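Listed here are the chains, written in short residue letters.
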Amino acid sequence: MTQPSPPESTRTSPDDDPAPWRDWIGRSEQRSDLVCAAPVAAMSATLDRDDGEPMPGSDVPPLWHWLFFTPQARASEIGPDGHARRGGFLPPVPLPRRMWAGGRLEFKHPLQIGDEITRLSRITDVSSKSGRSGTLVFVTVRHEVSNARGLAISEEHDIVYRDHPQQAAAGSTSQPGAPVAAAQPAPADATFGRDIVPDPVLLFRYSALTFNGHRIHYDRSYVTEVEGYPGLIVHGPLIATLLLDLLRRERPDARVRRFAFKAVRPIFDIHRFSVHGKPEGERRYALWARDHEGQLAMQAHAEIH
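Residues numbered from 1 in each chain as written. Predicted model: local features only at pLDDT ≥ 70, side-chain atom pairs only at ≥ 80, totals over all residues. Heavy atoms only, no water.

Undergrad: Explain the packing of helix 1 (residues 37-46) against helix 3 (residues 200-209) here, please?
TA: Two quantities define a packed helix pair, namely the angle between the helix axes and the distance between the axes. Put simply, helix 1 and helix 3 touch, their axes get as near as 10 Å, and they point 165° apart. Classified by the interaxial angle, the pair formed by helix 1 and helix 3 is roughly antiparallel. Note on packing geometry: the crossing formed by helix 1 with helix 3 is left-handed. Counted together, Pro39, Ala42, Met43, Ala45 and Thr46 of helix 1 and Leu202, Arg205, Tyr206 and Leu209 of helix 3 form the full contact between these two elements. Looking at the contact of helix 1 with helix 3, its residues break down into seven nonpolar, one polar and one charged. (Axes fitted to C-alpha atoms, helices over the stretch in contact; angles between N-to-C directions. Helix = DSSP H or I, 4+ residues; strand = E, 2+ residues; numbered from the N terminus. Parallel < 35°, antiparallel > 145°, perpendicular 65-115°, else oblique. Left-handed = near helix turned anticlockwise from the far one by under 90°. Contact = heavy atoms within 4.5 Å. Nonpolar A, V, L, I, M, F, W, Y, C, P; charged D, E, K, R; others polar.)

Okay, structure coming up:
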């Protein structure tokens, strides 16, 4: 159940207040789902894994809980970008671009096939800032996923909203399409890694599994002509999943205890990219994604039991 929206009189624009829509802080939503085998098997196929058929009681790999509690907006409630129209649980930020900026997760115990699960979500922060790339609005949501054995996963999910480059440039000295930040070279000291081909089939499959209608991941004319990107954008959570999948391939018997990741630079389907890692002590690993130019696209850290 979702709590009612704050009254219209409390809603502000990003330019009215340095911390807009703070009345949304504390807003909560609870959903239920069933951990079934089909999406887990499909995710294994999507990641090109030979995991065997998931059976009742089989553990669900870390981050694969994103296959559940998928968005359920009706077709008439979808906006022009493929997302649900603004408002509802999340604040109605009018900035056109919405992206998954990063997250921090703690895994208490694994979900299992057959589990009845609940997710309690609460908005914990809303803030904004302005810079050379225009106005940015940040929303942090805390999720707690539980099953019959208690709290299984706690997660902090960072969402960022921003202008189109052309709109941001109109109010700044930047040129349309100017980069948000200078490129940062990826580390060169990986001890394991693999190349990824982000073809449209991979992006479509992940969008379908997570019921993600955001058109930047599958509609090439939309993403290039409306959003102004050079190609389809690889999902942030897919890249994060590929990073932990890399760790599972390197340490198949290890259990992930904590994972934190931050998106640094978008990856597009027009070039290959790679995922890498290295140990930092006995139970901690640095993980990162590197684009075709050798630049850092996502950085992460994992802690195992």
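Resuming the write-up.
Undergrad: What exactly am I supposed to notice about the packing of aromatic side chains here?
TA: Each aromatic ring pair is summarised here by two numbers: the centre-to-centre distance and the angle between the ring planes. Summed over all chains, the structure comprises five aromatic pairs. Their ring planes at 65° and their centres at 6.2 Å tell us that Trp66 and Phe261 sit as a pair that is edge-to-face. Here Trp66 is found in the loop between helix 1 and strand 2 (97-107), whereas its partner Phe261 is found in strand 7 (residues 256-263), with 195 residues between them in sequence. For Phe261, a relative accessible area of 5% translates into the label buried. (Phe/Tyr/Trp six-rings, centres within 6.5 Å; stacked < 30°, edge-to-face > 60°. Buried < 20%, exposed > 50% of the residue type's maximum accessible area, 1.4 Å probe, protein only.)

Undergrad: When you look at the pairing of strand 3 (residues 116-131) in this model, what are you seeing that I'm missing?
TA: Residues in a regular strand project their side chains so that they alternate between the two faces of the sheet. Both strand 1 (residues 28-34) and strand 3 contribute to a ladder of seven bridges, which runs antiparallel. Bridging from a neighbouring strand, Ser28 pairs with Arg122 of strand 3. (Pairing = 2+ DSSP bridges.)

Undergrad: How should I be thinking about unusual backbone geometry in this particular structure?
TA: For residues besides glycine, phi is generally negative; the peptide bonds are generally trans as well. At Leu63, a position not held by glycine, the phi torsion is positive, near 80°. Looking at the secondary structure, you find Leu63 in the loop between helix 1 and strand 2. Residue class for Leu63 comes out buried when judged on its relative accessible area of 1%. Of note, the phi angle at Phe69 is positive, near 55°, even though the residue is not glycine.

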